[in-house]
Amino acid sequence: MIECIFCKILNKEIQSEIVYEDELVCAFKDINPTAPVHILVVPKPHIENLNAVQQQHKELIGHVFVVAKELAKKFGIDEKGYRIVVNCGADGGQTIDHLHFHLLGGRKFSWPAG
Ligand code: AMP
Ligand code: ZN
């Protein structure tokens, strides 16, 4: 856990551009954005990925989505639309093993995902 880069960001041991924080979550700009708006909404507890989510996390995960839609409004992408992505495991494209939700907007996305 000590080596987790997102835990280090949450502990302010690594600098990031934080756009929102409360007792449950922290949201900061992705260092390598793939869209004009690319924010990571990160639950504060170190949960490895979606596979590790338990019943006890229901309120936390619900809160993530409330924060995400508020950030979508704050960053002006709520009307045109946006995408929330959770990558899980190797095939899902997960590279950081601390659960996080990508809030992406400011351009049109294709579907189905490649
Ligand atoms: P994932 O591939 O779903 O695990 O997403 C990890 C994301 O974290 C990628 O989009 C990276 O660009 C982003 N990332 C990695 N290191 C940092 C950092 N220090 N600050 C902000 N975002 C980061
Ligand atoms: Zn962590």
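Keep in mind that this is a model prediction, so the values were computed, not measured.

Student: Is there a simple way to explain unusual backbone geometry in this structure?
Tutor: In most cases, non-glycine residues show a negative phi, while peptide bonds are predominantly trans. Cis geometry marks the peptide bond from tryptophan 111 to proline 112; its omega dihedral reads 5 degrees. Mapped onto the secondary structure, proline 112 falls in the segment after strand E5 (101–105). Here the phi dihedral of lysine 12 falls at roughly 65 degrees; this positive angle occurs in a residue that is not glycine. Locating lysine 12 in the fold gives a position in the loop between helix H1 (5–10) and strand E1 (18–21).

Student: Got a minute to help me understand the layout of surface pockets in this structure?
Tutor: Using a probe with the size of a water molecule, rolled over the atoms, empty space left in the structure can be pinpointed. Its volume calculated, the largest pocket comes out at about 380 Å³. Lining the largest pocket are 18 residues, with Phe6, Phe28, Asp30, Ile31 and Leu40 positioned closest to its centre. Of all the secondary-structure elements, those providing two or more residues to the lining of the largest pocket are H1 and strand E2 (25–29). A class-by-class count of the residues in the lining of the largest pocket yields eight nonpolar, seven polar and three charged. In this structure, the second largest pocket encloses a volume near 250 Å³. What lines the second largest pocket is a set of 14 residues, and nearest its centre among them are Thr34, Arg83, Val85, Leu104 and Arg107. Only strand E4 (82–85) and E5 provide two or more residues apiece to the lining of the second largest pocket.

Student: What is the right way to look at the pattern of salt bridges in this model?
Tutor: Side chains carrying opposite charge are able to pair once their charged atoms draw close together. Counting across every chain of the model gives five salt bridges. Among the salt bridges present, the one from glutamate 3 reaches lysine 8, with a minimum N-O distance of 3.8 Å. The salt bridge partner of glutamate 21 is lysine 44, with a shortest N-O separation of 2.9 Å. Within this pair, whereas glutamate 21 is found in strand E1, its partner lysine 44 is found in the loop between strand E3 (37–43) and helix H2 (58–74), the two being separated by 23 residues in sequence. Since its relative accessible area comes to 33%, glutamate 21 is described here as partly exposed. Judged by its relative accessible area of 26%, lysine 44 falls in the partly exposed class. The structure contains a network of salt bridges with shared partners spanning Lys12, Glu21 and Lys44.

Student: Sorry, what's going on with the packing of aromatic side chains here?
Tutor: To describe a pair of aromatic rings, you give the distance between the ring centres and the angle between the ring planes. As enumerated under the stated definition, the model contains two aromatic pairs in all. Between phenylalanine 6 and phenylalanine 28 the ring centres are 5.4 Å apart and the planes differ by 80 degrees, which places this aromatic pair in the edge-to-face class. Of the two residues, phenylalanine 6 sits in helix H1 while phenylalanine 28 sits in strand E2, which places them 22 residues apart along the sequence. For phenylalanine 6, a relative accessible area of 5% puts it in the buried group. Its relative accessible area of 3% is what places phenylalanine 28 among the buried residues. Each ring, one from phenylalanine 65 and one from phenylalanine 101, has its centre 5.6 Å from the other, and the planes form 80 degrees; the classification is edge-to-face.

Rules and cut-offs
Per chain, residues are indexed from 1 in the order of the written sequence. Throughout, the order in which chains and ligands are written sets their labels, letters from A for the former and numbers from 1 for the latter. Given that this is a predicted model, residues contribute local features only at a pLDDT of at least 70 and side-chain atom pairs are listed and counted only at 80 or more, while totals for whole chains, interfaces and linings are drawn from all residues. Only hydrogens and water are set aside when side-chain values are computed; all heavy atoms of the structure are taken into account. Runs of E in the DSSP output that reach at least two residues are strands. Runs of H or I that reach at least four are helices, and both are numbered from the N terminus. In this analysis, the protein atoms alone were mapped onto a 1 Å grid. Cavities are point sets where a 1.4 Å probe fits without being able to get out; pockets are open sets with protein on both sides within 12 Å along at least five of seven lines; lining residues have an atom within 4 Å of a point. Grid points are joined across faces, edges and corners, and a volume is the space filled by probe spheres set on the points. Gly falls in the polar group here, along with every residue not listed as nonpolar (Ala, Val, Leu, Ile, Met, Phe, Trp, Tyr, Cys, Pro) or charged (Asp, Glu, Lys, Arg). The term salt bridge refers to a pairing of a side-chain nitrogen on Lys or Arg with a carboxyl oxygen on Asp or Glu at a separation within 4 Å. Partly exposed describes any residue whose relative accessible area lies between the buried limit of under 20% and the exposed limit of over 50%, with all areas from a 1.4 Å probe on protein chains only and scaled to the type maximum. Aromatic rings from Phe, Tyr and Trp, with only the six-membered ring used for Trp, were paired whenever their centres fell within 6.5 Å, and each pair was classed as stacked if the ring planes differed by under 30 degrees, edge-to-face if by over 60, and tilted otherwise.

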